[in-house]
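Structure assessment
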Amino acid sequence: MTAALAELAAQLPHLDLRTDAVDLEHYGRDWTRRWTPAPLAIALPTGIADVQAIVRWARRHGVGLVPSGGRTGLSGGAVAARGELVVAFDRMNRVLSFDAVDRTLTVEPGLPLEALQSAARGHGLFYPVDFAARGSCSIGGNIATNAGGIRVIRYGNTREWIAGLKLVDGNGDLLDLNRGLIKNSSGYDLRHLVIGAEGTLGLVVEATIRLTDPPPPSNVMVFAVPRMDALMKVFDACRRRLSLGAFEFFTDRALHHVVAHGAQRPFEGDSPYYVITEFDAADEADQATALEVFEDCAGQGWVDDGVLSQSDAQAAALWRLREGITESLAPHRPYKNDISMRISVIPEFMREMAAVFAHEYPHFDVVWFGHIGDGNLHINVLRPPGLDDAAFVSQCDHVTELLGALLQRVGGSISAEHGIGLVKKPHLGSTRSAAEIDVMRGIKRVLDPGGLFNQGKLFD
Ligand code: 2HG
Ligand code: ZN
């Protein structure tokens, strides 16, 4: 392998190619921290031609390639633990162009989400996909998982905003997918195969991103909800009267951890559930409607308490209650589920899930939160003191199987927005049929005949 790497270095003398232990460790892992990083080396290309040369080199030498952005993923999709070459896009992180008529930005894959959002704002426009890892994750990674986040309820997932993609396939060829078109009825839309493919079909080297008008002024409300079965009733009451930009929930366990991590408690009293919603509030009439919604919900016994943001600072403090949860739990290295279902089945599903958890996790700290308005629930399970890590993960995997069976019954998904990666690979069959997985394998063989890209992720 040293000879192969020497050949790559000789072929691309300007390529930043790293093999020191610190870089192998840094670039070989993602936020899951479950696998020991063991990449062969790290390559940081500066342009499309570099990427094509790397792919052709990898094909000649049979070296696996792992695409790497901000590595904030939670499913092991960016882990390099089997001697792969990590292709890190840190140096392909530029905004290449803006088109005011098309309202698009064309960018390189290493651009952080937050930089994309601020580039859009700089042109008086808005890129709406948003979530807590915005400062560290990259648009390439967002495309790989079809990232969702907190504004899906209004704007949809990353997929809706990708007008075109350039992909280097397993032959090193450059495919220009959809070329920024709004209408294009000319056969398979390969762009949409690549979005959400978790880096298994090729390397995204450029993306043309659609932008929209900035949203109107908004307000944030947090409600204390006394019963699980009231959550979706509150959702329905809010969406009937307000124009919602976000509707999220979390439990008392989530509040406990996020407050211990520095967030401000929203109310004096305790409640088992909380929702946070953001809604358009252009004037006082909108605020008055929000207060009426609160009063109606309180009258029905669906909410016990509520707080309405009075300033941007207070809105940010309220959002921290939801957005700070993952970071507050990170030191515990929780086991994560990221599941989705049609919103109509949430009440029944949550009841059944609670019964499974009460039985399977009697003494575990199980933290629920997520994008309930999209039908996406996050469950973070914390390892009880005294239980060793392997036994903990195997107990949680067993519960994931039970969850998978419940999800299969309601037609849900074992991964809503984090991806399958390594973490959920054993559970893919609960969401996708054997025939579907075979089709996916076939597609991979066509685009990646050498089996180079993110081998062993998603499926074997
Ligand atoms: C979120 O919604 C992220 O905050 C992370 O998707 C969820 O940590 C998690 O499980
Ligand atoms: Zn999420």
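In the block above lies the structure referred to throughout.
The structure presented is a predicted model; accordingly, all values stated were derived computationally and were not measured.

So, about the coordination of the zinc ion (ligand 2). Protein coordination at the zinc ion (ligand 2) comes from H371 (NE2), H378 (NE2) and E417 (OE), with a distance range of 1.9 to 2.1 Å. Counting along the primary sequence, the residues that act as donors to the zinc ion (ligand 2) give the motif H-x6-H-x38-E. In this structure, H371 and H378 share a single accessibility class: buried.

Time to look at empty space enclosed by the protein. Under the defined criterion, the tally for this structure stands at 1 cavity of 30 Å³ or more. By volume, the largest cavity amounts to about 50 Å³. Taken together, L74, S75, K336, N337, D338, I414, S415, H418, G419 and K424 make up the lining of the largest cavity. Here the lining of the largest cavity is built from residues that sort into 2 nonpolar, 5 polar and 3 charged.

Time to look at the nonpolar core. Ranked by size, the top nonpolar core spans 58 residues in total, and within it V234, F349 and F357 carry the most contacts. The element best represented in this core is helix α14 (residues 389-410), accounting for 8 residues. Dropping the residues within four chain positions of it, F349 is found in contact with I339, M341, L377, L403, L406, L407 and V410.

Right, let's get into the sheet that holds strand β1 (residues 16-18). Taking strand neighbours across the sheet as the criterion, the 4 strands line up as β1-β2-β4-β3 in an open arrangement whose pairing is mixed. Whereas interior strands pair on both sides, the edge strands pair on one side only; in this sheet they are β1 and β3 (65-68). Neighbour-to-neighbour, the strand axes of this sheet turn through a mean angle of 20°, independent of strand direction. For β3 and strand β4 (residues 85-88), the ladder comprises 4 bridges, and the chain directions are parallel. Bridge pairing links L65 to L85 in β4. Packed on one face of the sheet, helix α1 (residues 2-11) meets β1, β2 (41-44) and β4 and runs near 165° to β1.

It is worth spelling out a nonpolar patch on the surface at this point. A cluster of nonpolar side chains, contributed by Y188, L190 and L193, occupies part of the molecular surface with about 340 Å² of accessible area. Relative to the helices and strands, L190 is located in helix α7 (residues 190-194).

This part takes up the site of ligand 1. For ligand 1, the full set of nearby residues is L74, R322, T326, K336, F369, H371, H378, N380, E417 and H418. The separation between an oxygen atom of ligand 1 and a polar side-chain atom of H371 is 3.0 Å. H378 is positioned with one of its side-chain polar atoms (N or O) 3.0 Å from an oxygen atom of ligand 1. A total of 300 Å² of accessible area belongs to ligand 1 in isolation, and the protein chains cover 89% of it. Put simply, the parts of the chain that give the shell around ligand 1 at least two residues each are β15 (365-371) and β16 (376-382). Class assignment of the residues belonging to the shell around ligand 1 gives a composition of 2 nonpolar, 5 polar and 3 charged.

All right, on to the packing of aromatic side chains then. Note on aromatic pairs: each is described by the distance of the centres and the angle between the planes. With the rule as written, the count across this model stands at 10 aromatic pairs. Look at F235 and F247: their rings are 4.8 Å apart centre to centre, the planes differ by 50°, and that puts the pair in the tilted class. Taken together, the residues span a long stretch of sequence, with F235 in helix α8 (residues 231-241) and F247 in strand β11 (residues 244-251) at a distance of 12 residues. Of the two residues, F235 and F247, both sit in the buried class. Ring plane angle 45° and centroid distance 5.4 Å describe the contact between F357 and Y361, whose orientation is recorded as tilted. Exposure class is identical for F357 and Y361. Each is buried. Every member of this aromatic cluster is reached through a ring pair, and the members are F357, Y361, F364, W368 and F392.

Here I150 lies in the loop between α5 (139-145) and α6 (152-155). Its relative accessible area of 4% is what places I150 among the buried residues. In this structure the C-alpha to C-alpha distance between I150 and A246, which are 96 residues apart in sequence, comes to 5.9 Å. Contacts of I150, omitting those with residues within four sequence positions, involve D130, R134, G245, A246, E248, W319, E323 and H371.

Thresholds applied
- Residues numbered from 1 in each chain as written.
- Chains lettered and ligands numbered in written order.
- Predicted model: local features only at pLDDT ≥ 70, side-chain atom pairs only at ≥ 80, totals over all residues.
- Heavy atoms only, no water.
- Donors = N, O, S within 2.8 Å, 3.2 Å for Na, K, Ca; no water.
- Buried < 20%, exposed > 50% of the residue type's maximum accessible area, 1.4 Å probe, protein only.
- 1 Å grid on protein atoms, 1.4 Å probe; cavity = no way out; pocket = protein on both sides within 12 Å on 5 of 7 lines; lining within 4 Å.
- Points joined across faces, edges and corners; volume = space filled by probe spheres on them.
- Nonpolar A, V, L, I, M, F, W, Y, C, P; charged D, E, K, R; others polar.
- Core = buried A, V, L, I, M, F, W, Y, C linked by side-chain atoms within 4.5 Å.
- Helix = DSSP H or I, 4+ residues; strand = E, 2+ residues; numbered from the N terminus.
- Contact = heavy atoms within 4.5 Å.
- Pairing = 2+ DSSP bridges.
- Axes fitted to C-alpha atoms, helices over the stretch in contact; angles between N-to-C directions.
- Patch = residues over 30% accessible without salt bridge, like charges linked within 9 Å, V, L, I, M, F, W, Y side chains within 5 Å.
- Areas by Shrake-Rupley, 256 points an atom, 1.4 Å probe, with all protein chains shown as cover.
- Salt bridge = Lys/Arg side-chain N within 4 Å of Asp/Glu carboxyl O.
- Near = heavy atom within 4 Å.
- Polar contact = N/O pair within 3.5 Å; in protein donor to acceptor, adjacent residues only side chain to side chain.
- Phe/Tyr/Trp six-rings, centres within 6.5 Å; stacked < 30°, edge-to-face > 60°.

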